[in-house]
Amino acid sequence: MSTLTPPFSDEHEQLRQSIRGFIDRELAPHAQQWEEDHWFPDEVFDKLAAQGLLGLKYPESHGGQGGDYLHEAVLCEELARTGSGGTAAGIGAHVNIATPPIWKFGSEEQKQRYLVPAIRGEKIGALGITEPGAGSDVAAISTRAERVDGGWVVNGEKTYITNGVRAHFIVTAVKTKKTTPPARHHDISFLIVDRDEGVVSTALHKLGWHASDTATISFQDVFVPEQNLLGELNGGFKLIMANFQWERLAMALGAVGAMTIAWERTAAFARERQAFGRPLSGHQAIRHKLADLATSVYTCRCVTYDALRRFVAGEEPLKEVTMAKLLTQRASFELMDACLQIHGGAGYMREYFIERAARDARLGPIGGGSDEIMREILGRVLAL
Ligand SMILES: Cc1cc2nc3c(=O)[nH]c(=O)nc-3n(C[C@H](O)[C@H](O)[C@H](O)COP(=O)(O)OP(=O)(O)OC[C@H]3O[C@@H](n4cnc5c(N)ncnc54)[C@H](O)[C@@H]3O)c2cc1C
């Protein structure tokens, strides 16, 4: 399937080929092992940094490549070729959700201390918003930062945090104002919390994304210096919202990438595998299923690229991004299930990529704002 579709140009296509080569050489051959280890090595970040892939959209002045979101979009799509949703998720969390708030809201000093080493692969980042008592309802978080001389003391717990074991710093949402009743959206701030005394991570075990370290992180009397306040005091909700559109687009692009590969491999399998004296694709039911799935990949790609085009053009395409996230995550999961079915018993076996891809795809309709939350947003946008 051609990927040279607007908004991408020849330049992006060259980047795509170079990323693809890097992934084929450096990441994909190890995916199976990393999944079994439930961990991919930190050196992956060094390798990505050496290729300039941790700073595609960041300015050269800070060690980035001076590109924009379209360059990053190519990476989001191609990372699916790693064949390990967990590895792609760990890299994605670093470049798509942990570092963007520092780039957008950080002081120059914070950028030098966190963004520059993050682009070099020396410091790995995580974003800590979700808590045991607050997921979709972000404003209900209860991790508290108490003002003390020279900074803050943080107590509370975050959960389901990607890179939560390995991260050197956690961009953390905290409550910084006490009011009765709680101010909800107006009492959240962000602190960049270093992995230090009092920061305790516990790895979680998951259905998919095995190579990524998802963790509960508890903060026990953690001192955070004043200069680590990110953005405005009590202005954290704005910071959360500012990156949601990109996070959701990145997820949509990742799904489109994963769907494309799953379709290609499943079609190849169906041409090869014989049943009742002919290839599976020679049976109309399978052929039609693959035709439907190709249509789904194409639809998801078109809707995602349209939202991306608008986003890059500086529109605020809340409706289009929300629709792209909603459509692609569910469609990806359904496509993986259908592709697994076409593989028959082989699809249930560890040695076939589709077993992992089907498990990995289940996260999409939950993470980064669930399907139900996407529908709630659309309900508001559509004035329902
Ligand atoms: C593998 C993994 C990685 C993650 N990585 C990160 C990370 O790096 N950083 C981070 O901060 N978070 C992360 N998350 C958290 C993720 O964003 C949340 O799981 C997600 O936002 C849903 O929150 P919840 O799990 O608390 O579910 P809940 O909010 O408890 O929702 C439970 C169910 O109820 C539905 N629901 C909730 N509210 C409504 C409503 N108003 N109307 C209808 N239905 C509703 C939800 O859609 C869902 O189906 C990760 C999660 C997973 C599983």
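The present account deals with the structure reproduced in this document. None of these values were measured; they are calculated from a predicted model.

## Considerations on a nonpolar patch on the surface
- Together, L318, M323, V381, L382 and L384 give the surface a local cluster of nonpolar side chains, amounting to about 460 Å² of exposed area.
- Assignment of secondary structure puts M323 in helix 10 (residues 318–342).
- On the basis of relative accessible area, M323 is assigned to the partly exposed category, the value being 34%.

## Describing the pattern of salt bridges
- Per the counting criterion, the structure on display carries 24 salt bridges.
- In this structure, E78 and R16 form a salt bridge, with 2.7 Å as the shortest nitrogen-oxygen distance. In this pair, E78 is assigned in helix 4 (residues 69–78) and R16 in helix 1 (residues 10–27), connecting sequence segments 62 residues apart.
- For the salt bridge of E264 with R81, the shortest nitrogen-to-oxygen distance reads 4.0 Å. Taken as a pair, E264 in helix 8 (residues 236–272) and R81 in the loop between helix 4 and helix 5 (85–98) lie far apart in primary sequence, 183 residues in all.

## Side note on the environment of C300
- Inspection of the secondary structure puts C300 in helix 9 (residues 284–312).
- Accessibility expressed as a relative area gives 1% for C300, which makes it buried.
- The residues touching C300, leaving out its near neighbours within four places in the chain, are V256, M259, L327, T328 and A331.

## Considerations on the site of the ligand
- Of all residues adjacent to the ligand, which total 17 residues, the nearest are T130, S136, Y160, S370 and E372.
- Here L127 contributes a backbone N or O atom positioned 2.9 Å from a nitrogen atom of the ligand.
- For the ligand, whose free accessible area comes to 980 Å², the fraction covered by protein is 63%.
- If you list the elements that add at least two residues to the shell around the ligand, you get strand 3 (151–162) and helix 12 (371–381).
- Looking at the shell around the ligand element by element, the count peaks at three residues for strand 3.
- Partitioning the shell around the ligand into residue classes produces nine nonpolar, six polar and two charged.

## Regarding the side chain of R248
- Positionally, R248 belongs in helix 8.
- As a buried residue without a salt bridge, R248 has its nearest oppositely charged side chain in E247, at a separation of 5.9 Å.
- Not counting the four nearest positions on each side in its chain, R248 is found in contact with V321, K325, G368, G369, M374 and I377.

Procedures and definitions
All residue numbers here refer to positions counted from 1 along the written sequence of the relevant chain. Where totals are concerned, whole chains, interfaces and linings use all residues; where local detail is concerned, this predicted model gives features only for residues with pLDDT of at least 70, and gives and counts side-chain atom pairs only at 80 or more. Values reported for side chains reflect all heavy atoms of the structure, with hydrogen atoms and water molecules removed beforehand. Every patch collects residues that have over 30% relative accessible area and no salt bridge, joining them within 9 Å if they carry like charges and within 5 Å if they are nonpolar side chains (Val, Leu, Ile, Met, Phe, Trp, Tyr). For the area figures, the Shrake-Rupley method with a 1.4 Å probe applies, and any residue is considered shielded solely by the protein chains shown. A side-chain nitrogen of Lys or Arg and a carboxyl oxygen of Asp or Glu constitute a salt bridge if their distance falls within 4 Å. A helix here means a DSSP run of H or I that spans at least four residues, while a strand means a run of E at least two residues long, and both kinds are numbered starting from the N terminus. Only protein chains enter the calculation, and the probe is 1.4 Å; a residue is then buried if its accessible area is under 20% of its type maximum, exposed if over 50%, and partly exposed in between. Throughout, a residue-residue contact means that at least one pair of heavy atoms, one from each residue, lies within 4.5 Å. Being near a molecule or strand, for a residue, means having at least one of its heavy atoms within 4 Å of it. Here a polar contact means two N or O atoms within 3.5 Å. Within protein one must be a hydrogen donor candidate and the other an acceptor candidate, and residues neighboring in sequence count only if both atoms are side-chain atoms. Residue classes follow a fixed rule: Ala, Val, Leu, Ile, Met, Phe, Trp, Tyr, Cys and Pro count as nonpolar, while Asp, Glu, Lys and Arg count as charged, and any other residue, Gly among them, counts as polar. Note on charges: Lys and Arg go in the positive column, Asp and Glu in the negative column, and His and the chain ends are not counted at all.

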